[in-house]
Amino acid sequence: MAQTRLLGACRVHALAALRHCSAPTQRGVCCSAVAAPAQTAPVAIMAPTDTGYKPSDVAHVPSAASELQGLFRAAMRAALPKLTDEPVVVPTGNPKFGDYQLNNAMRIFAHLKGQEGAPKNPSALAAAVLDKLLETLPADGIIAVERALVKEKGGKEAEKVVSPAIAGPGFINIRVSRAWTARHIQAMLRDGIETWAPRVGYQRAVVDFSSPNVAKEMHVGHLRSTVIGDSLASTLEFCGVDVLRLNHVGDWGTQFGMLIQHLDDRREGGLAGGAAEEDVKDLQALYKAAKKRFDAEPEFKARAREAVTQLQSGNELFLQAWKRICEASRREFQAIYDRLGVRLIERGESSYNPLLRPLVEELCAMGIAEDSDGAKVVWVEGEKVPLMVQKSDGGFGYGTTDMAALRQRAHDERGDWLIYVVDEGQSGHFRLVFGAGRKAGILPQEKDAPPRVDFVGFGLVLGSDGKRIRTRDEGAAVRLVELLDEAKERSREAIVAHNRENEEKGRPFVTFTPKELDEAASIMGYGAVKYADLKNNRLTNYKFNFDEMLDLAGNTAVFLLYMHARIASIDSKAVARKREDGRATLGIDELKRSATLMLAHDKEAALGLHIVRFPDALESALADLKPNVIADYAFNLAGAYNSFYAECQVVGSEEEDSRRLLCEATAVVMRACLKLLGIQPLYRI
């Protein structure tokens, strides 16, 4: 049966694909159809705070991989006019063979095999493509063409192209021109890193992340959703996508009856005695006390359930108590978000309440929702259990709320990419929600058509014992604020100890004011916590270990922050130094306009190549929605810089101006990576 679009058709428009496309925590609780009411200055150690990238306002420069893909596509069409396959261009596994590789000749050959005029084997196919590629290559383009004298049969020598070259069963290896790399980097320094932002083919994304529950403190389990979602949202924004950052807060449900009834009991005069902020100043104590009574006192449990009915019926005293509880939680959540530098728009579950009953009625009218022992359910093909959209007692569960939210985001918010950053344990629930959404016409049947929807699951945070991280406090999850406090204090101690050691050994050291030290400790500590999470594949569990995440020599935010500060100091040293010829040393902005970047040394070229691969890393990160790709890129960039710096003197060398430009390009890209990971750079540590 053809399905009718639910509440109007989704808009259909052209959609450009990404280049590389290829124990659960309950988000909500049982709720009623009754609607609820609607709900740092920089210091010297840091760069001036910016307002965010706006790449849609600047010219876009294709990435190296995209440009190579275009050249290979043209060569493939010229060599094999009937071919429709797209070229697959990837970095080579071993740099000695080249920088990039066309690696799908074997697959293309399999498609063409048996057709008239098809190449005899993958190598012949690659040879035909390579011939056409060489015919059309511009002399100063991205692909370096290397020629050498090669002995032919009979011993005669002849000059031939040795790169690009065919290797194995049809791979075409190429090297990127050093001159092109230098021009590409210098243009970025002149025009801004925003010009390198890839285009992903989506106009508006809705990213659902963090999602704590009201009246409960944020714990370490919320950390993953918060930092992963923030990084993905920042990366999409950098790529020109309008992003709605939504916080799907659990602000409605049965637990509020328990809390409100406890407030009513313990205050003289009950709820009618007037509002009292002290009632909710310690939400953890309130929740624990109410929960203890709910579990131990049947009479209190019965009154708590009646309080839910009063709240859902719109009792003004109960609504006022609910609002005060929500506001107290909101203040605590915002304090955490401010420390982490995370931007979110709260849209609690209560905001969807007016939509629930009409949604279920329409699902029933369309024949999509079925009766099951008095409840209403939607069956999804391939799933063993249905999605319950209305309970047998007439109430609505969090499945109904999530389906209403899905429709609101697709239709009202006009999102063409919907991303849910949620505990992997909820993947089954969201398969039902998305499947029901397709069945109802909220989402298209074709998964690549807009609006696209992705479930971004993540694993657990483990303690040093390999078990889900807990405190000694009756097994409660670790409070996130405690982790942030400890990370900041440990960072403060590390910064002080590092500079004290440098001073004692006669090395350069930094003297901080108390305010500067506090700012640096916050940036380093919070950045260390974020990076320790983001460097891991989000689907895996990871161990939370302060010693490892604050290791100056490891794959840590601390290492990257020190590297950035070290690179930034080089330009200061160059400007402060008196040149032997008496000329003043130009500042970096003047240097960008007057000097020319050259990549003569192998280590310069290697660093330059890694710099121009920044857009490739972003495309890959968004293709799989995995921020660890950006973290890996940043760490490898630091490694490439270290190799360059070990062999190439900057200040005082004949190549000083060029190498200062290369250092600046490294710093610019490093800062962009840190920003996308939610980490603020430091210029002095």
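Residues numbered from 1 in each chain as written. Predicted model: local features only at pLDDT ≥ 70, side-chain atom pairs only at ≥ 80, totals over all residues. Heavy atoms only, no water.

1. Looking at the overall build of the chain
- The helix and strand tally for the chain stands at 21 helices and 17 strands.
- Taken across its 685 residues, the chain has 52% of its residues classed as buried.
- In the form shown here, the chain has an accessible surface area of approximately 30900 Å², with 51% of it arising from carbon and sulfur atoms. (Helix = DSSP H or I, 4+ residues; strand = E, 2+ residues; numbered from the N terminus. Buried < 20%, exposed > 50% of the residue type's maximum accessible area, 1.4 Å probe, protein only. Areas by Shrake-Rupley, 256 points an atom, 1.4 Å probe, with all protein chains shown as cover.)

2. Comments concerning helix α20 (residues 628–647)
- End to end, α20 covers 29 Å across 20 residues, agreeing with the expected 28 Å (1.5 Å per residue, within 8%).
- Here α20 has its buried residues at Asn628, Ile630, Ala631, Tyr633, Ala634, Leu637, Ala638, Ala640, Tyr641 and Phe644.
- Considering only its buried residues, α20 is in contact with α5 (220–238), α14 (514–534), α16 (557–576), α18 (602–612), α19 (614–624) and α21 (656–676). (Expected span 1.5 Å × (residues − 1). Contact = heavy atoms within 4.5 Å.)

3. Section: the pattern of salt bridges
- This model, assessed by the stated rule, comprises 41 salt bridges.
- Note that Arg490 is salt-bridged to Glu486, the shortest N-O span being 3.0 Å. Here the residue Arg490 and the residue Glu486 both occupy positions in helix α13 (residues 480–504), the gap between them amounting to four residues, near one helical turn.
- Assessed through its relative accessible area of 30%, Arg490 is described here as partly exposed.
- Glu486 gets classed as partly exposed once you look at its relative accessible area, which sits at 34%.
- Ionic contacts of the salt-bridge type, sharing partners, join the residues Asp265, Arg293, Glu297, Glu299 and Arg303 into one network. (Salt bridge = Lys/Arg side-chain N within 4 Å of Asp/Glu carboxyl O.)

4. Some points on the pairing of strand β9 (residues 242–247)
- For β9, the buried fraction is high: five of the six residues fall into the buried class.
- Pairing analysis gives five bridges linking strand β8 (residues 204–208) to β9, with the strands arranged parallel. Across the sheet, residue Asp208 finds its bridge partner in β9, namely Leu246.
- Note that the unit made of β8, α5 and β9 has a crossover that is right-handed.
- Pairing of β9 with strand β10 (residues 345–346), which is carried by two bridges, proceeds in the parallel orientation. Paired with Leu246 across the two strands is Ile345, which belongs to β10. (Pairing = 2+ DSSP bridges. Right-handed = clockwise from strand over helix to strand, strands pointing away.)

5. Section: the packing of aromatic side chains
- Applying the stated rule across the entire model yields 12 aromatic pairs.
- Arranged with centres 5.2 Å apart and planes meeting at 50°, the rings of Tyr420 and Phe430 form a pair that is tilted. Highlighted residues: Tyr420 in strand β14 (residues 417–421) and Phe430 in helix α12 (residues 427–440), separated in sequence by 10 residues. Comparing Tyr420 with Phe430 shows no difference in burial state: the two are buried.
- Relative to Tyr633, the ring of Phe614 lies with its centre 5.8 Å away and its plane at 45°, an arrangement referred to as tilted. Placement of Phe614 in helix α19 and of Tyr633 in helix α20 is noted, with a sequence separation of 19 residues between them.
- Owing to a relative accessible area of 1%, Phe614 belongs among the buried residues under this scheme.
- Its relative accessible area of 6% is what places Tyr633 among the buried residues.
- An aromatic cluster of at least three residues, connected via ring pairs, comprises Tyr420, Phe430, Phe434 and Phe455.
- Over the ring of Phe294 we find Lys301; its NZ or CZ atom is 5.2 Å from the centre of that ring.
- Its end group placed over the ring of Tyr100, Arg613 keeps NZ or CZ at 4.7 Å from the ring centre. (Phe/Tyr/Trp six-rings, centres within 6.5 Å; stacked < 30°, edge-to-face > 60°. Lys NZ or Arg CZ within 6 Å of the ring centre and 35° of its normal.)

6. Topic: the sheet that holds strand β15 (residues 452–456)
- Pairing within the open sheet is parallel, and its five strands lie in the order β10-β9-β8-β14-β15. The open sheet has two free edges, formed respectively by β10 and β15, since each of these has just one partner strand.
- Against the sheet, α12 engages β14 and β15, with an angle of about 170° to β15. (Axes fitted to C-alpha atoms, helices over the stretch in contact; angles between N-to-C directions.)

7. Side note on the environment of Thr401
- One can find Thr401 in helix α11 (residues 398–412).
- For Thr401, a relative accessible area of 2% puts it in the buried group.
- For Thr401 and Leu356, which are 45 residues apart along the polypeptide, the C-alpha to C-alpha distance reads 6.7 Å.

8. Examining the side chain of Asn499
- Within the element layout of this structure, Asn499 appears in helix α13.
- By relative accessible area, which is 6% here, Asn499 ends up buried.
- Of the polar contacts made by the side chain of Asn499, one reaches the backbone nitrogen of Val510; its length is 2.7 Å.
- The contact partners of Asn499, leaving out residues within four places of it in the chain, are Phe509, Val510, Phe512 and Ile685. (Polar contact = N/O pair within 3.5 Å; in protein donor to acceptor, adjacent residues only side chain to side chain.)

9. As for the sheet that holds strand β12 (residues 375–378)
- Pairing within the open sheet is antiparallel, and its three strands lie in the order β11-β12-β13. Edge positions in the open sheet fall to β11 (369–372) and β13 (387–390), since each of these has one partner strand only. Between one strand and the next, the sheet's axes are offset by a mean angle of 45°, whatever the strand orientation.
- Pairing geometry for β11 and β12, over four bridges, is antiparallel. Across the sheet, Glu370 pairs through a bridge with Val377, a residue of β12.
- Contacting β11, β12 and β13, helix α10 (residues 353–365) runs over the sheet at an angle of about 115° to β13.

10. Digging into unusual backbone geometry
- That bond from Ser163 to Pro164 is cis: its omega, 10°, falls within 30 degrees of zero.
- That bond from Pro450 to Pro451 is cis: its omega, -5°, falls within 30 degrees of zero.
- As for its position among the elements, Pro451 is in the loop between α12 and β15.
- A positive phi is found at Ala215, a non-glycine position, where the angle reads about 75°.
- Secondary-structure assignment places Ala215 in the loop between β8 and α5.

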